[in-house]
Amino acid sequence: MALESRITQEEIKKEPEKPIDREKTCPLLLRVFTTNSGRHHRVDEFARGNVPSSELQIYTWMDATLKELTSLVKEVYPEARKKGTHFSFAIVYPDPRGKMYKLKDIGSTVSGRKGADDSMTLQSQRFQIGDYLDIAITPPNRAPPLSARMRPF
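Keep in mind that this is a model prediction, so the values were computed, not measured.

Definitions and cut-offs
- Residues numbered from 1 in each chain as written.
- Predicted model: local features only at pLDDT ≥ 70, side-chain atom pairs only at ≥ 80, totals over all residues.
- Heavy atoms only, no water.
- Pairing = 2+ DSSP bridges.
- Helix = DSSP H or I, 4+ residues; strand = E, 2+ residues; numbered from the N terminus.
- Phe/Tyr/Trp six-rings, centres within 6.5 Å; stacked < 30°, edge-to-face > 60°.
- Buried < 20%, exposed > 50% of the residue type's maximum accessible area, 1.4 Å probe, protein only.
- Contact = heavy atoms within 4.5 Å.
- Axes fitted to C-alpha atoms, helices over the stretch in contact; angles between N-to-C directions.
- Core = buried A, V, L, I, M, F, W, Y, C linked by side-chain atoms within 4.5 Å.

**Observations regarding the pairing of strand β4 (residues 101-110)**
- Here strand β3 (residues 86-94) pairs with β4 via nine bridges, running antiparallel. Its bridge partner being in β4, Y93 is matched across the sheet by K102.

In structure tokens form, the structure reads like this:
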């Protein structure tokens, strides 16, 4: 008889995170891939040891928030500093059942505005060392593409 865990996203978010002492804890290397098209990279771009060319390498901790990561990306891309620029975050991780990668949307931020996902951390979204972070950047004059979660019907 198999047992199955039924943990909802709300329960995951309610789990208390252990505070990380950034003075005593070594940071991890976060490999970040960005697009300016407003869409995430295709998962096949990560296949067979390949990665997209738009890589940023950020040293950070598991308690880094999406807002904190947004500000680090804005330091590198001045065009992303405009108020209203939309940042959509996704974790790219290897599929444990095969040689492919999977992409999991984890949240979004908007430059110059407070949002519900601003304080979301990598740790709270089950990020593991070795995963990639994919950020789709949408300029303020273009609406972000609709994700599967935001269907108009």
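**Considering the packing of aromatic side chains**
- Going through the model one piece at a time under the given rule, you end up with five aromatic pairs.
- Aromatic pair F33 and Y132: ring centres 5.3 Å apart, planes at 85 degrees, arrangement edge-to-face. Here the residue F33 occupies a position in strand β1 (residues 28-35), and Y132 occupies one in strand β5 (residues 132-138), the gap between them amounting to 99 residues.
- Overall, Y132 belongs to the buried group, its relative accessible area being 10%.
- Here Y101 and Y132 contribute two aromatic rings whose centre-to-centre distance is 5.9 Å and whose plane-to-plane angle is 25 degrees, an arrangement assigned as stacked. One end of the pair, Y101, is in strand β4; the other, Y132, is in strand β5, with 31 residues separating them in the sequence.
- Within the aromatic cluster, the residues linked to one another by ring pairs are F33, F46, Y101 and Y132.

**Here's the deal with the environment of T60**
- Its location among the elements puts T60 in strand β2 (residues 55-60).
- For T60, a relative accessible area of 1% gives the class buried.
- For the pair T60 and L30, spaced 30 residues apart in sequence, the C-alpha to C-alpha distance is 6.8 Å.
- Non-local contacts of T60, meaning those with residues more than four positions away in its chain, are made with P27, L28, L30, E68, L69 and L122.

**Here we look at the sheet that holds β4**
- One open sheet accounts for five strands, arranged β2-β1-β5-β3-β4; its pairing is mixed. Single-partner strands in this sheet number two, and they are β2 and β4. Along the sheet, successive strands turn relative to each other by an average axial angle of 30 degrees, direction set aside.
- Across six bridges, β1 lies against β2 in antiparallel orientation. What sits directly across from L28, in β2, is T60.
- Across the face of the sheet, helix α2 (residues 66-76) comes into contact with β1, β2, β3, β4 and β5 while running at roughly 85 degrees to β4.

**A word on the nonpolar core**
- One finds L30, L69, F89, L133 and I135 to be the most contacted residues of the largest nonpolar core, which totals 22 residues.
- For this core, the secondary-structure elements that each account for two or more residues are β1, β2, α2, β3 and β5.
- Beyond its immediate chain neighbours, meaning those up to four positions away, L133 contacts L30, R31, V32, F33, L69, F89, A90, I91, I106 and L122.

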